[in-house]
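Now for the letters of each chain:
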Amino acid sequence: MKMTKNTSLYFRIVEGRNLPAKDVTGASDPYCIVKVDNEVVARTATVWKNLNPFWGEEYTLHLPMGFHSLSFHVMDEDTIGHDDVIGKITLAKDAIGSQAKGLDSWVNLTRVDPDEEVQGEIHLCLELLKDAEKASVRCKVIEARDLAPRDISGTSDPFARFIFNNHSAETSIIKKTRFPHWDETLELDLDPEELHEDGTITVEVWDWDMVGKNDFLGKVEIPFDCLHKTPHLESCFRLQPLRNKEADASGKLGALRLKVRLIEDHILPSVYYQPLIHLLVESVVSPTEAENSSALTLLEEVTTVESRQDVAMTLVKIYLGQGLVVPFLDYLNTREVQHTTDPNTLFRSNSLASKAMEQFMKAVGMPYLHEVLKPIINRIFDEKKYIELDPCKINLNRRRISFKGAMSEEEVRDSSVEMLQDYLSSITESITGSVAQCPPVMRVTFKQLHKRVEEQFTEPENEDVKYLAISGFFFLRFFAPAILTPKLFQLREQHADTRTSRTLLLLAKALQSVGNLGLQLGQGKEQWMEPLHPIIRLSVAKVKDFLDKLIDIDHDIVSELPQRAVFTSSVTVKEGYLHKFKTEGPQLLSRFAFKKRYFWLTSETLTYAKTPDWQVRSSIPIQCVCAVERVDENAFQQQNVMQLITQNNDRQLHIIYIQCKNVNELNQWMSAIRKVSIYNECMLPSFHPGTHRSGKWTCCLQADRTVTGCSRTHSVTLGDWSDPLDPDVETQTIFKQLIQGRDKLRKKYLGVPESSQTSNAQQVISPNSHQDGAKSTVNLIKPGMSAAARLLAVIEDLERAHATFQRRENENDASVITN
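For the structure given in this document, a descriptive report is provided here.

What counts as what
Residues numbered from 1 in each chain as written. Predicted model: local features only at pLDDT ≥ 70, side-chain atom pairs only at ≥ 80, totals over all residues. Heavy atoms only, no water. Helix = DSSP H or I, 4+ residues; strand = E, 2+ residues; numbered from the N terminus. Buried < 20%, exposed > 50% of the residue type's maximum accessible area, 1.4 Å probe, protein only. Contact = heavy atoms within 4.5 Å. Pairing = 2+ DSSP bridges. Axes fitted to C-alpha atoms, helices over the stretch in contact; angles between N-to-C directions. Patch = residues over 30% accessible without salt bridge, like charges linked within 9 Å, V, L, I, M, F, W, Y side chains within 5 Å. Areas by Shrake-Rupley, 256 points an atom, 1.4 Å probe, with all protein chains shown as cover. Salt bridge = Lys/Arg side-chain N within 4 Å of Asp/Glu carboxyl O. Lys, Arg positive; Asp, Glu negative; His and termini not counted. Charge placed at Lys NZ, Arg CZ, Asp CG, Glu CD. Expected span 1.5 Å × (residues − 1). Parallel < 35°, antiparallel > 145°, perpendicular 65-115°, else oblique. Left-handed = near helix turned anticlockwise from the far one by under 90°. Nonpolar A, V, L, I, M, F, W, Y, C, P; charged D, E, K, R; others polar.

**Observations concerning the overall build of the chain**
(1) Moving on: On a plain count of helices and strands, the chain comes out with 19 helices and 30 strands.
(2) Moving on: Relative to its 819 residues, the chain shows a buried fraction of 50%.
(3) Moving on: Residue pairs in contact within the chain that sit at least 24 positions apart in sequence constitute 69% of those at least 6 positions apart.

**Considering the sheet that holds strand S11 (residues 167-170)**
(1) Moving on: With antiparallel pairing, 4 strands are arranged side by side in an open sheet as S11-S10-S13-S14. Each edge of the open sheet is held by one strand with a lone partner, namely S11 and strand S14 (215-223). Strand-to-strand twist in this sheet, taken as the mean axis angle between neighbours without regard to direction, amounts to 20 degrees.
(2) Moving on: Direction of pairing for strand S10 (residues 158-164) relative to S11: antiparallel, over a ladder of 4 bridges. By the bridge assignment for S11, Phe-162 is matched with Ala-169.

**Focus on the pairing of strand S9 (residues 135-145)**
(1) Moving on: Among the 11 residues of S9, 9 are classified as buried, and the element is accordingly described as predominantly covered.
(2) Moving on: Relative to S9, strand S8 (residues 121-130) is paired through 10 bridges, and the arrangement is antiparallel. Of the residues in S9, the one forming a bridge with Glu-127 is Arg-138.

**A few points about a negative patch on the surface**
(1) Moving on: Taken together, the side chains of Asp-189, Asp-191, Glu-193, Glu-197, Asp-198 and Asp-225 define an acidic patch exposed on the protein surface.
(2) Moving on: Relative to the elements of secondary structure, Asp-225 occurs in helix H2 (residues 225-229).
(3) Moving on: Residue classification places Asp-225 among the partly exposed positions, given a relative accessible area of 35%.

**Remarks on the pattern of salt bridges**
(1) Moving on: Inspection of the entire model under this criterion finds 42 salt bridges.
(2) Moving on: Put simply, Asp-104 and Arg-257 hold a salt bridge, and the shortest N to O gap is 3.5 Å. You can see Asp-104 sitting in strand S7 (residues 103-108) and its partner Arg-257 sitting in strand S16 (residues 255-267), a full 153 residues away along the chain.
(3) Moving on: On the accessibility criterion, Asp-104 (44% relative accessible area) is partly exposed.
(4) Moving on: Residue Lys-736 pairs with Asp-265 through a salt bridge whose shortest N-O separation is 3.1 Å. In this pair, Lys-736 is assigned in helix H16 (residues 727-740) and Asp-265 in strand S16, connecting sequence segments 471 residues apart.
(5) Moving on: Among the residues examined, Lys-736 registers a relative accessible area of 29% and is labelled partly exposed.
(6) Moving on: A relative accessible area of 5% means that Asp-265 is categorised as buried.
(7) Moving on: Each member of the salt-bridge network shares a partner with another, and the members are Glu-121, Glu-143, Arg-145 and Arg-712.

**Notes on helix H3 (residues 274-285)**
(1) Moving on: For H3, spanning 12 residues, the distance from its first C-alpha to its last is 16 Å, which sits close to the expected 16 Å at 1.5 Å a residue.
(2) Moving on: Burial in H3 covers these residues: Pro-275, Leu-276, Ile-277, Leu-279, Leu-280, Val-281, Ser-283 and Val-284.

**Digging into the side chain of Asp-76**
(1) Moving on: In this structure, Asp-76 sits in strand S5 (residues 69-76).
(2) Moving on: Ignoring any residue separated from it by four or fewer positions in sequence, one finds Asp-76 in contact with Lys-22, Asp-23, Ser-28, Asp-29, Tyr-31, Asp-83, Asp-84 and Ile-86.

**A look at the packing of helix H7 (residues 352-383) against helix H11 (residues 498-515)**
(1) Moving on: Where H7 meets H11, the axes come as close as 9 Å, and the angle between the chain directions of the two elements is 140 degrees. Judged by the angle between their axes, H7 and H11 are oblique. In terms of crossing hand, the pair formed by H7 and H11 is right-handed. Mapping the contact onto sequence places Ile-377, Ile-380 and Phe-381 in H7 and Thr-500, Thr-503, Leu-504 and Leu-507 in H11.
(2) Moving on: Counted by class, the contact of H7 with H11 contains 5 nonpolar, 2 polar and no charged residues.

**Topic: the sheet that holds strand S2 (residues 30-36)**
(1) Moving on: Read from one edge of the open sheet, 4 strands run S3-S2-S5-S6, paired in antiparallel fashion. Since the sheet does not close on itself, it has two edges, and those belong to strand S3 (39-43) and strand S6 (84-92), each with one partner. The average angle at which neighbouring strand axes cross in this sheet is 25 degrees, direction not considered.

**Quick word on the environment of Ser-471**
(1) Moving on: Looking at where Ser-471 falls in the secondary structure, it is placed in helix H10 (residues 465-484).
(2) Moving on: Sequence-wise, Ser-471 and Asn-516 are 45 residues apart; in three dimensions their C-alpha atoms are separated by 7.1 Å.
(3) Moving on: With near-sequence residues (within four places) excluded, Ser-471 lies in contact with Leu-476, Gly-515 and Leu-547.

**Considerations on unusual backbone geometry**
Among all residues except glycine, the phi angle is most often negative; among peptide bonds, the trans geometry is most common.
(1) Moving on: In the Ramachandran plot, Lys-176 falls in the positive-phi region, its phi being about 50 degrees despite a non-glycine side chain.
(2) Moving on: For Lys-176, the location among the structural elements is in the loop between S11 and strand S12 (181-190).
(3) Moving on: With a phi angle near 55 degrees, Ser-694 is a residue other than glycine that sits in the positive phi range.
(4) Moving on: Looking at the element boundaries, Ser-694 is found in the loop between strand S25 (692-693) and strand S26 (696-697).

Now the structure itself:
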């Protein structure tokens, strides 16, 4: 057994400010493209006509292979011609990793300099030759891959230049490729005194242009004294930019507010996490009334405000995987209710219970939310009505009725009230009529919450508290935020324009009042919302009746149903319309060669047909998938094309080309297919990003159709609630949180000073050993031990296991270097 490495990169693009105007209207239509090492991993929605855009979009990437840099390019979308570049921000991996709590700040945009936009790598073999008569340095330039496209065709015409002191030599030029194969040897003769200089060997790659100056593609610098230590040096080197002294934009290009966090973990084999899982499970399965502490309550004690949401999300995933999410939430909610004396403050804080309920609803309720809200949200976006109630914001010039001219302020307000009442009625009717669609596990959880609140607050004046506890989560923390920002709940692909956004804000406010059962109507500053108060009050009775029906469910039904959509053969992971390249029959022009098909992805097959109802279907076994990768734009002169490489029983490779409608859909499909095929034994280490056409590959220009791919395959996947459960990674996250609070637990529960390095738990327990020599406390936790002592024993045992595995890895690495 050995440790595995897990790298997760979280980033949130919050907003921009003071962006420059790129359009003649004095505004811009900004969006962000996010790249990891020049591979596009995300594209935000466009915010139209805005120099201070809000995006609020967040992503988590899993990067098993690691990365070098993360960059954000801010663009201005143009309906005609190419989109304009506004600026960029580049964050090196080391800079992100050095921030223990992550980056959360405004960062100024800088100019985009083509000489700095370098990508790819070059394969070189360097050799120092010397004898009594002469000395020389020889450089074999083998190949380069994934070079930046500098020509309008989406390719480059690369050549390499080998430089040392005042000597230089160049390779030949290879036309129209980003993956050149030179296999040329360049040699520079040296004077005897040059052998002792501390110079630098440089290999530059350039794009040759017939007219104008050549374009820089990247360089590699190697200290000359490296060849004295290793006379024969061969490796793939990452190309570096020129690093010109960039002109300081002084904030003239605006700024982005970013949140970025890098997590790199070494994951132990599953058996080592079982004691901690056991304690977490025991906390909710066998809670002890005598002792008011458990592994779960101790974890809550050491959870910081900043990490509470991450811990809550991780715990929800762990207990979902254990089939214990209902008792887990009941445990937290019961403690929260019992420790609350004023019902007006119940679940109002960002406690672990509140955060866990929020994450739980997102985990199991997103399809339900889409089913309930999507039709009405689409209608609001399509109608684009001008709606305003605040007299300070009513713009009479924004609303006209043909020959009647401008409306009066009263007419605007009356019309707005009528339309808001119509929208709000549609929303509340859709929600209150959705009992049957609500996931059973959510209904049982709310039933338990209702019971705990009713038991705690028995006074007649607190009759509504049991309803408020549920509606506070259901309406205020689930449906209202989705109405306010549909893009962040995947209800729409684009953010709302200014007019629609205002309508959604007013509706979200009204729905919050419905969720509060109308108890706070008229108490706020926004008295102009009063025209909606009657319909809000009318909705309260419907909401209470709905909540009564919602919790009218048999508790045992949950144990009979899956609590989470995991990758099983019966579950469709992803589905939708895509365009498949037609390879059969006569060759068509690229724009006619892609045919619309409906695709279904499960853990076993990728199936497609003409329509969702079409009976004749074709299927590709997932076990035959060898790679799923992007295709260069110049291959088909089309964007957002991916290739699915499969292997038949005769080990022959077959490529299927599929086009997606945008880069986000492309990333989602590639990520989903990579996840279901992650354990395939036939995965390829390399691929061709081009196509084989006119007797050669368009990428590397090789003639042989079966030649090894010229670019390394990727394994970047998007983090999502539909991810397969990875309990080891999730338990490691909890372990790290406990390690940070270990000293606090020692001092409070065992009386051990923070400076002490040995706890009572270590003294009590003498660990057993696994077969491979690592340690375990699973059989050594005694029933009489306190919860804190047991938890600390497990924490310290896991810490020792990490140290043991890390020492072995270091010894193995040292052995490899020595050999």
